[in-house]
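# Architecture at a glance
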Amino acid sequence: MAERTKIRSALAFLAALHAAVALAGFLAPYGFADQRRDYPYAPPARLRFLDASGRFHLRPFVYGLAPDGAGGYREDTAGAYPVRFLFHQRLFGVDEPGTIFLCGSDGYGRDVFSRVLYGGQTSLVTGLAAAFVSLSLGLALGIAAGFYGGWLDRLIMRGGELAMALPWLYLLLAVRAFLPLHIGAPEAFALLVAIIGGSGWVRPARLIRGVALSARERGYVEAARGFGASDAYLIRRHLLPMTLGVALTQATVLIPRYVLAEIALSFLGLGIGEPAPSWGNMLAEARQYHALVSHPWMLAPAVAAFPILLAYLILADALMERQREGG
Amino acid sequence: MADDAFLSVRGLGRRFPRGRGPERTAGWAFRGVSLDLAQGRTLGLVGPSGGGKSTLARCLALYDAPTCGEVRLEQRSLWAAGRRERRRLRAEIQLIFQQPAAALNPRFTAGQIVAEPLLIQRRGDAESQRKRAAELMEMAGLPAGAARNRALEFSGGERQRLAIARALALDPKLLILDESLSGLDVSIQAQIVNLLADLQERLHLTYILISHDLRLVAGIAGEIAVMDGGSIVESGPADELLARPRHPCTRELLDAALALTPGGGP
Amino acid sequence: MKYAARRALHSLLLWIALSALFFVFADLAPGDYFSELRLDARVSSGTVAAMRAQSGAGRPLAVRYARWAAAAVRGDFGHSLAYDSPVAPLLWPRVRATLLLTGTATLLAWLLAVPLGVWAATQRGTWRDGVLNAVLSLLLSVPDLLLAIVFLVFAVRSGLFPAGGMTSAASSSMNPAEQARDIARHLVLPVAVLVLGMLPVLARHVRASMLEVIDAPFALAARAQGIGRRRLLFRHLLPAAMNPLISLFGVSLGTLLSASLLVEVVMGWPGLGPLFLEAIMARDFPLAVAMFSAAFLMAGNLAADLLLCYFDPRIRTG
């Protein structure tokens, strides 16, 4: 029962986070490429309810920003900008020339909060799509190995063992090395998904092979074969439904790992390029750590990844526990 | 032996896959098996476990290919047939397994289980398949409303009835029951035996009943073949064989059966 | 020993296959070092053509691979285009640095993970086990990258640790003992990141495999004979729990090198990772393939297999 509550709450939490990222176009106050060149590295905005004279406002407002002369900013109490809701088809915003950078701005004066939301689309979709690729490969190879056995089984499993011992990031970089350095965002995305997804099929394939192996010995599979069923029928009607539980559990293990892989690759400059944001290429700016020391809000994308990874981990643990108990 | 027999088996043998199998049979699961069976009759195939009965059943039902020999059903050679012909022959011979519970997919409903052979052989549309499944379940003595229940919800006897209903879906002529009655309560065993006799009469079925229990087989089978060490050691009409067993193996089986029969033992 | 020889042969064959694939793909790939170079206005096109001819890029693929492989077996990995130097002297210090980093991290992580996992297994179901599990889960969800960056910021802000690199600028003028202390100071943060990344995975595995054996019949029997706790743990439970852990060790080497690459890049540790990345960005192919081979051979499951062979007599005979 405890597992069930865990699974439900983790699922609900993940659904909310994914929805927030999917709705970036509405929730983010700025577009991902909108620049305010006059406000580079602005600190996170402070929402205020009390004005200079101590009066309370129900509608929060922000002060304008003015250079403090030392490379940073100070709040300019002369200009107050109330937060407007449902503003220019977005959830909230403030009138020009005011700015509302909830998580500060980057070196080009782009809103980090908005970019984290938009970047999440890239990172999460990469994770989901790559997990889909891995699981499809894992299902196909695992079922082929378990169901047909023999030399095919040995070939697939030996290949998998070797693939597992390889340092995957080196492998990804090596594959990426053969392709042109500068490619468009759609190509880069497709490539990223193919590389990450193609590298992680081994574990799901092994587990699914185990299920297929036991299925082959089941009486009902034998019986269906006796009625003249083709391999395709046996796989579709009997094997696939049996492997579904394992495949789903593996998805919850793979997705967070692949989100991390996207972050790593884009961080190294081999993923999605600017100006399209992803959590990885946003963090790449943090490689100049002297900038980071004075602008810690640039870490926002990594911080945003944390709750998602944790929720997936809890979900995966609970699912595995349930599978172990249910046999 | 008549050449126009319904089922005729000649010199059938099967080797174990390389490097397996007991040494005393020199790597053969069974060899040199010949037998004839007329339509509408029941053959009891008895013998100690490990005697090659189940492998023989699998060869007769087109699961495993024999290494040598020939099987003919109504003059048609089973293993010489082409792919399409074999698919048709496959429908005419049905094997019911040792453990019916394992032979039913727990994810399927009873209706789906019984209709599966029709789906595989693409006979009729979904509606007619459903109707036929209901008909078959009724024939096997299952309640009409059970079609929606999952296999796990049935008792042992009902599962056996489900397996029989499914085996009948393709209108087979020969039914091979491999230890299908073992592991059931005696009263349920009797019910299933009655069902089988009933079906034999209605559908003109031929049975091969495989068991290690001579007593069980004796009540149903007209002829009995005793199998030990991979070959048939003795065969003949049931009453004759039971009255004058010649082979030591048959005697042993008979003693064991008598010891189990209430009042038959010392 | 036959088993070990077979695995070594496997590793060798795989390395040949991978490096050959590397060559074929590199041949098919658009753009090479020279085409990147041609974009540089300071280098004349005549120079580029001459360099290309000198490097032997015009010869057939099979010839180039055969020459490269033959040289590689003798320890000569070719000539780096970007550094205009043989690859081997570039490679070895990098391998040493990466081995120092990953070796230290692995040792520390296992030294922490085994007692933690065993302790958690003995406390199963109590609040202590729950708290430890929660902490490990939290740690597992923190991206290594975030840890590395945060530690670096901490180093810069606090000044307690050097901010990146492996040695101080003044290292060459130090005596050996001071040099060692200098390197150790530089090691602390990258090792800490790697250990924190590995620890939760390892500790969870140790706990799980201890739980498998803690209630096994042989353990109950030993306990029924009144065996001491310490003896039970070291003579019975740990050896039995060790097997799955050793194969985990083999698999985790690959992951460890990957994590190490990120940490090296972020922290400026002069290991294989940054040079590999640089070689790829510059399309310096001979350097890249050498780096890849080195990383692969380090992670190769040979070591783990030898260990497993030592611990599990079933494999030795098989």
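Residues numbered from 1 in each chain as written. Chains lettered and ligands numbered in written order. Predicted model: local features only at pLDDT ≥ 70, side-chain atom pairs only at ≥ 80, totals over all residues. Heavy atoms only, no water.

### With respect to the overall build of chain B
Of regular secondary structure, chain B possesses 9 helices and 10 strands. Principal-axis analysis of the C-alpha atoms gives chain B an extent of 55 × 50 × 40 Å. Counting over 266 residues, chain B shows a buried share of 51%. The long-range fraction of contacts in chain B, counting pairs at least 24 apart against all pairs at least 6 apart in sequence, stands at 68%. (Helix = DSSP H or I, 4+ residues; strand = E, 2+ residues; numbered from the N terminus. Buried < 20%, exposed > 50% of the residue type's maximum accessible area, 1.4 Å probe, protein only. Contact = heavy atoms within 4.5 Å.)

### Focus on the domain arrangement of chain B
Residue and element names in this part refer to chain B. When the domains of chain B are assigned, the result is domain 1 (26-92 + 172-259) and domain 2 (107-171). Here domain 1 and domain 2 have C-alpha centroids that lie 25 Å from each other. On the domain 2 side, the residues contacting the 16 residues of domain 1 number 15 residues. For the pair domain 1 and domain 2, the summed buried surface comes to about 1400 Å²; carbon and sulfur atoms form 66% of the total. Looking only at domain 1, the three residues that lose the most surface to domain 2 are Arg87, Pro172 and Leu195, adding up to 35% of its buried area. Linking domain 1 with domain 2 are 0 salt bridges, by the criterion used here. Breaking the side of domain 1 that touches domain 2 down by element, the ones donating at least two residues are α2 (83-92) and α6 (186-203). Per element, the largest residue contribution to the side of domain 1 that touches domain 2 is 8 residues, and it comes from α6. Of the residues in the side of domain 1 that touches domain 2, the class split is 11 nonpolar, 2 polar and 3 charged. (Domains from an automatic or database assignment. Buried area = accessible area lost by both parts, 1.4 Å probe. Salt bridge = Lys/Arg side-chain N within 4 Å of Asp/Glu carboxyl O. Nonpolar A, V, L, I, M, F, W, Y, C, P; charged D, E, K, R; others polar.)

### Topic: the packing of aromatic side chains
All names here are of chain A. By the definition in use, this model includes 6 aromatic pairs over all chains. With a centroid separation of 5.6 Å and 40° between ring planes, the pair formed by Tyr30 and Phe101 is classed as tilted. In this pair, Tyr30 sits in the loop between α2 (24-27) and β1 (48-50) while Phe101 sits in the loop between β5 (90-93) and α3 (112-148), placing the two residues 71 residues apart along the sequence. Its relative accessible area of 12% is what places Tyr30 among the buried residues. (Phe/Tyr/Trp six-rings, centres within 6.5 Å; stacked < 30°, edge-to-face > 60°.)

### Let's talk about the confidence of the model for chain A
Overall, the predicted model of chain A reaches an average pLDDT of 83, with 95% of residues at or above 70. Looking across chain A, the model is least confident in helix α11 (residues 289-294) of chain A, with a mean pLDDT of 69, and most confident in α3(A), with 91. (pLDDT = per-residue confidence, 0-100.)

### Quick notes on the side chain of C:Thr98
Residue and element names in this part refer to chain C. As for its placement among the helices and strands, Thr98 is situated in helix α5 (residues 87-122). For Thr98, a relative accessible area of 0% puts it in the buried group. In this structure the side chain of Thr98 is engaged in a polar contact, spanning 2.7 Å, whose partner is the backbone nitrogen of Leu272. (Polar contact = N/O pair within 3.5 Å; in protein donor to acceptor, adjacent residues only side chain to side chain.)

### What about the packing of helix α1 (residues 2-22) of chain A against α3(A)?
All names here are of chain A. Packing of α1 against α3 leaves a shortest axis separation of 8 Å and a crossing angle of 120°. Of the possible angle classes, the one that applies to α1 and α3 is oblique. Crossing hand, α1 versus α3: left-handed. When α1 is examined against α3, the residues His18, Ala20, Val21 and Ala22 are found in contact with a partner set consisting of Leu117, Gly120, Gln121, Leu124 and Leu128. (Axes fitted to C-alpha atoms, helices over the stretch in contact; angles between N-to-C directions. Parallel < 35°, antiparallel > 145°, perpendicular 65-115°, else oblique. Left-handed = near helix turned anticlockwise from the far one by under 90°.)

### Here's the deal with helix α8 (residues 219-226) of chain A
Structural remark: α-helix, 3.6 residues per turn; residues separated by three or four positions point the same way. Within α8(A), 7 of the 8 residues are buried, leaving the element largely enclosed by the surrounding structure. In the segment just after α8(A), A:Gly228 is the residue with positive phi, at about 90°.

### Notes on the domain arrangement of chain A
Examined at the domain level, chain A breaks down into domain 1 (45-100) and domain 2 (117-326). The C-alpha-based centres of domain 1 of chain A and domain 2 of chain A are spaced at 43 Å.

### Digging into the sheet that holds strand β10 (residues 231-237) of chain B
Residue and element names in this part refer to chain B. Across the sheet, 6 strands lie side by side as β6-β7-β8-β3-β9-β10; this open sheet has mixed pairing. Edge strands, defined here as strands with exactly one partner in the open sheet, are β6 (93-96) and β10. Between one strand and the next, the sheet's axes are offset by a mean angle of 15°, whatever the strand orientation. Here strand β7 (residues 174-178) pairs with strand β8 (residues 206-211) via 5 bridges, running parallel. Residue pairing for β8: Asp178 is matched across the bridge by Ile210. Sheet contacts for helix α1 (residues 53-60): β3 (42-46), β6, β7, β8 and β9 (223-228); angle to β8, the most-contacted strand, approximately 155°. (Pairing = 2+ DSSP bridges.)

### So, the sheet that holds β1(A)
Residue and element names in this part refer to chain A. Overall, antiparallel pairing links the 3 strands, which are arranged β1-β2-β3 in an open sheet. In this open sheet, the two strands that pair with only one neighbour each are β1 and β3 (73-82). Strand-to-strand, the axes of this sheet are offset by a mean angle of 50°, without reference to chain direction.

### A closer look at the interface of chain A and chain B
At the interface, 16 residues of chain A touch 21 residues of chain B. Taken together, the two surfaces of chain A and chain B that pack against each other cover about 1600 Å², and 56% of this comes from carbon and sulfur. If you sort the residues of chain A by the area they bury against chain B, A:Tyr220, A:Phe227 and A:Arg237 come out on top, with a joint share of 42%. Here A:Glu222 makes a salt bridge to B:Arg58, at a shortest N to O gap of 2.5 Å. Here chain A and chain B share 8 residue pairs in polar contact (both at pLDDT 80 or more) between them. No other element matches α8(A), which puts 7 residues into the side of chain A that touches chain B. For the side of chain A that touches chain B, the residue count by class is 8 nonpolar, 4 polar and 4 charged.

### A word on unusual backbone geometry
A negative phi angle characterises most non-glycine residues, just as the trans form characterises most peptide bonds. All names here are of chain B. The backbone of Gln75 sits at a positive phi, close to 70°, despite the residue not being glycine. With respect to the element layout, Gln75 can be found in the loop between β4 (68-73) and β5 (76-77). The class of Gln75 is partly exposed, set by a relative accessible area of 43%. Phi angles above zero are rare outside glycine, and Asp171 is one such case at about 50°. For Asp171, the location among the structural elements is in the loop between α5 (156-168) and β7. Under the relative-accessibility criterion, Asp171 is labelled partly exposed at 49%.

### So, the environment of B:Asp171
Residue and element names in this part refer to chain B. Through-space distance from the C-alpha of Asp171 to that of Ala140 is 14 Å; in sequence the pair is 31 residues apart. Beyond its immediate stretch of four places on either side in the chain, Asp171 contacts Arg123 and Arg132. A distance of 2.9 Å separates the side chain of Asp171 from the side chain of Arg132, its partner in a polar contact.

### Here we look at the pattern of salt bridges
Residue and element names in this part refer to chain B. The final tally for this structure, using the stated rule, is 21 salt bridges over all chains. Residues Glu74 and Lys173 are paired through a salt bridge, measuring 3.1 Å at the closest nitrogen-oxygen approach. Of the two residues, Glu74 is situated in the loop between β4 and β5 and Lys173 in the loop between α5 and β7; the sequence distance between them amounts to 99 residues. Classification of Glu74 as partly exposed rests on a relative accessible area of 27%. Overall, Lys173 belongs to the partly exposed group, its relative accessible area being 26%. Taken together, the salt bridges that share partners define one network made up of Glu74, Arg76, Glu92 and Lys173.

### A word on the confidence of the model for chain B
Residues and elements named next belong to chain B. In the predicted model, chain B carries a mean pLDDT of 83, and the fraction of residues at 70 or more is 92%. Mean pLDDT values over the elements of chain B span from 79, in helix α9 (residues 248-260), up to 91, in β8. Reported confidences for the modelled complex are a pTM of 0.79 and an ipTM of 0.80.

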